Structure formats: structure tokens, C-alpha cells
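# Chains, contacts and geometry: an overview
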Amino acid sequence: MVCTVIMASHPAWRSRDPGKRTPGKGHGAFFAAALRSPREVGTLLPSGPELARRLAAVIPRPGHSGRPPVVVEVGAGAGAVTAAIVQHVDEGAVVIAVEKDPELAEQLRARRLGVHVVTADAIKLPTILADHGVDFADAIVSVLPWALFGAQLQRQMLATFADALQPDGVFTAAAYSLGYWTPAARRFRRELERLFGEVLPTRTMWRHLPPAMTYVCRRPGQGGDALTVDPSR
Ligand SMILES: C[S@@+](CC[C@H](N)C(=O)[O-])C[C@H]1O[C@@H](n2cnc3c(N)ncnc32)[C@H](O)[C@@H]1O
């Protein structure tokens, strides 16, 4: 069942609430979730601020046809990246944060960042979008543990996300650099290339724990801005 919670008292287009964005917010809940479901959480620490900012930086403003963008974060955890997304987008943007772990989703809801928090498996994204009266997203941001997913799940999820994007939309994913050459990570990269055509890896943030980089994926020729990210970053 998809349980959708729309924070009616906090409009989707943000409450910037800087006090709720303190680094360290939700670390206890995150650590507990990592111990509970290591293969789904994939790391002991939430994303750091630089990784979060880098993931949010590629969200277009405005979105398709000049209207405010619809942004989906899949695997939102306790909100480390959600806060950066909220800070990046302009007024009117619709931000939907999808998190499978009910306790992490509750933690994120309690931060009152002004986003729609959905407790669900991200594979249900089409239903989630429909529940919000949305056909397609302008940006999908992911910090899912892709390298821990089996080949079938990886392929199925990526195809679901690619189908849920506007033709000129952007998909961005964090990846942990130390696993870059593992078969699962290489398969992930190949699948991104097959689905999107344009896949820009960004430089590794070595001081991030664990060291991380991002992929920025678009479909060239579909009206998107090619190379709006400096690949040397
Ligand atoms: C590496 S953590 C990232 C959390 C947060 N975005 C951050 O950057 O700190 C991955 C998150 O994805 C969630 N997750 C894993 N599989 C998922 C799925 N199928 N649908 C939704 N969330 C999922 C986990 O519960 C976890 O919170």
C-alpha cells in the first residue's frame, strides 16, 4: 500500500526553516535504520552537505513549459538531501520525498521542510506521482544504494524513474566512489547510459564519508540543457 502524507499545513513549495537543516539532524534515526536494513540504507551516515548541494544543483528552474519544477527524491532518509533541494528550488516547486523506512520517513516529516513525504517503495513512483496529480517529474534525485541492488531491481527501478521523467528532465544519482569498479556499479553505469544517453560523472568528493560522486543523466535531443554541469566538478 502506498501511504501518502501531504503536509497540509506546510505548503509543498517550502518552509526554509534553517534551524531544521543543522548537520547531524536525524543521524541517530539514520544509524538505527542502517543497522535494521543494511542493504537498503547502504551506509552508516547520511549524505554530507557538499554531496547534498551537488545533487540539488542540477534541478532545473523553472521546470517543463516554464512552470515551477516537480522534484522527486527517492530514498530520502532523514532529509539530508531534501533540505538542500528545498534550499535550491524557487517558490512554487513541488517536492516529493519518497522513503521506504517508516521511521526515517517520520523523522523527515517531523522536520517540516515543506515537502510531500511519502512512505513507500520508490518502485511505486508512477502511483505516487498520480496521487499528487502529477504526470511527470522534472528532476529525480537519488541516493539509493544502487550497488547493493540485484541486476533485475536495478534495471526495473531505473526504467521506472526514466519513464516518470519529463523528456527534458534530469536524473541524478549519488554513488560511492570506492565501489566504482565493482560489477554492480559498472552495471549501474551501463544501464544509465542505455536509458539516458548522456551520463556525466562528477569528480569524487574524497573528504565525504564514504567518498562519493554523482551521475547527472539526461536524454539529449529531448529539449534538455546538455552539459549544464561542469564535468570536472
Ligand atoms: C544511502 S541512504 C540515503 C538517505 C538520504 N537521502 C541521504 O542522502 O542521507 C538510502 C535511503 O534509501 C532508502 N531506500 C532504500 N530502498 C528504497 C526504496 N526501494 N524505496 C524508497 N526508499 C528506499 C533507505 O531506507 C535509505 O533511507
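Rules used in this analysis
Along each chain, the written sequence defines residue order, and numbers are assigned to residues from 1. Confidence filtering applies because this is a predicted model: local features only for residues at pLDDT of at least 70, side-chain atom pairs given and counted only at 80 or more, and all residues used for totals across whole chains, interfaces and linings. A residue is called partly exposed when the number of other C-beta atoms within 10 Å of its own lies between 12 and 20, exposed at 12 or fewer, and buried at 20 or more, with C-beta atoms placed from the backbone. Segments assigned H or I by DSSP are reported as helices when at least four residues long, segments assigned E as strands when at least two residues long, and all are numbered from the N terminus. Two strands form a pair only when DSSP identifies at least two bridges running between them. Seen with its strands pointing away from the viewer, a crossover is right-handed when the path leading from the first strand over the helix to the second is clockwise. Being near a molecule or strand means, for a residue, that its C-beta atom, positioned from the backbone, comes within 6 Å of it. Classification used: nonpolar for Ala, Val, Leu, Ile, Met, Phe, Trp, Tyr, Cys and Pro, charged for Asp, Glu, Lys and Arg, polar for all others including Gly. Note on contacts: each residue gets a C-beta atom placed from the backbone, and two residues are in contact if those atoms are within 7 Å. What a helix should span is 1.5 Å times the count of its residues minus one. Arc definition: it is the arc formed by the directions from the helix axis to the C-beta atoms. Axes here mean lines fitted to C-alpha atoms, for a helix over just the part in contact, with angles spanning 0 to 180 degrees between N-to-C directions. An angle below 35 degrees is read as roughly parallel, one above 145 as roughly antiparallel, one from 65 to 115 as roughly perpendicular, and any other as oblique. Crossing handedness is defined as follows: a turn of the near helix away from the far one that is anticlockwise and smaller than a right angle gives a left-handed crossing, while the clockwise case is right-handed.

### A look at the pairing of strand 6 (residues 165-176)
Every other side chain in a regular strand lies on the same face of the sheet, so the side chains alternate between the two faces. Within strand 6, 10 of the 12 residues are buried, which leaves the element mostly enclosed by the surrounding structure. Across five bridges, the pairing between strand 5 (residues 137-142) and strand 6 is parallel. What sits directly across from Ala 137, in strand 6, is Leu 165. Regarding topology, helix 7 (residues 151-163) serves as the crossover connection from strand 5 to the parallel strand 6, and that connection is right-handed. Here six bridges tie strand 6 to strand 8 (residues 212-218), and the two strands are oriented antiparallel to one another. In the strand pairing of strand 8, Phe 171 is matched with Cys 217.

### Points about the site of the ligand
In the vicinity of the ligand, 24 residues are found, and the nearest of them are Pro 46, Ser 47, Gly 75, Gly 77 and Ala 122. Breaking the shell around the ligand down by element, the ones donating at least two residues are helix 2 (38-41), helix 4 (80-88) and strand 3 (94-99). A breakdown of the residues in the shell around the ligand according to their chemical character gives 14 nonpolar, five polar and five charged.

### Structural notes on the environment of Val 134
Among the structural elements, Val 134 can be located in the loop between helix 6 (125-131) and strand 5. In this structure Val 134 comes out as partly exposed when scored by C-beta crowding, with 16 C-beta atoms within 10 Å. In this structure the C-alpha to C-alpha distance between Val 134 and Ala 164, which are 30 residues apart in sequence, comes to 9.8 Å. Contacts of Val 134, omitting those with residues within four sequence positions, involve Val 70, Val 94 and Leu 129.

### Notes on the pairing of strand 4 (residues 116-119)
Of the two faces of strand 4, both are covered, the one formed by His 116 and Val 118 as well as the one formed by Val 117 and Thr 119. With four bridges connecting them, strand 3 and strand 4 associate as parallel partners. By the bridge assignment, Ala 97 is partnered in strand 4 with Val 117. Since strand 3 and strand 4 lie parallel, the crossover through helix 5 (residues 102-110) that links them has a hand, and here it is right-handed.

### What to know about helix 8 (residues 183-196)
When the terminal C-alpha atoms of helix 8 are compared, their 20 Å separation across 14 residues agrees well with the 20 Å that a helix rising 1.5 Å per residue should span. Within helix 8, burial applies to Phe 188, Leu 192 and Phe 196. Down the axis of helix 8, the buried side of the element spans an arc of 40 degrees, and every buried residue falls inside it. Along helix 8, the residues that are exposed and aim more than 90 degrees away from the buried face are Pro 183 and Arg 190. Next to the buried residues of helix 8 lie helix 7, strand 6, strand 7 (198-201) and strand 8. Looking one or two residues beyond helix 8, the residue adopting positive phi is Gly 197, at roughly 85 degrees.

### Description of the packing of helix 1 (residues 27-36) against helix 5
Put simply, helix 1 and helix 5 touch, their axes get as near as 9 Å, and they point 165 degrees apart. Comparing their axes, helix 5 and helix 1 come out roughly antiparallel. Two packed elements cross with a definite hand, and for helix 1 against helix 5 that hand is left-handed. Residues Ala 29, Phe 30 and Ala 33 of helix 1 form the contact with helix 5, whose participating residues are Glu 103, Leu 104 and Gln 107.

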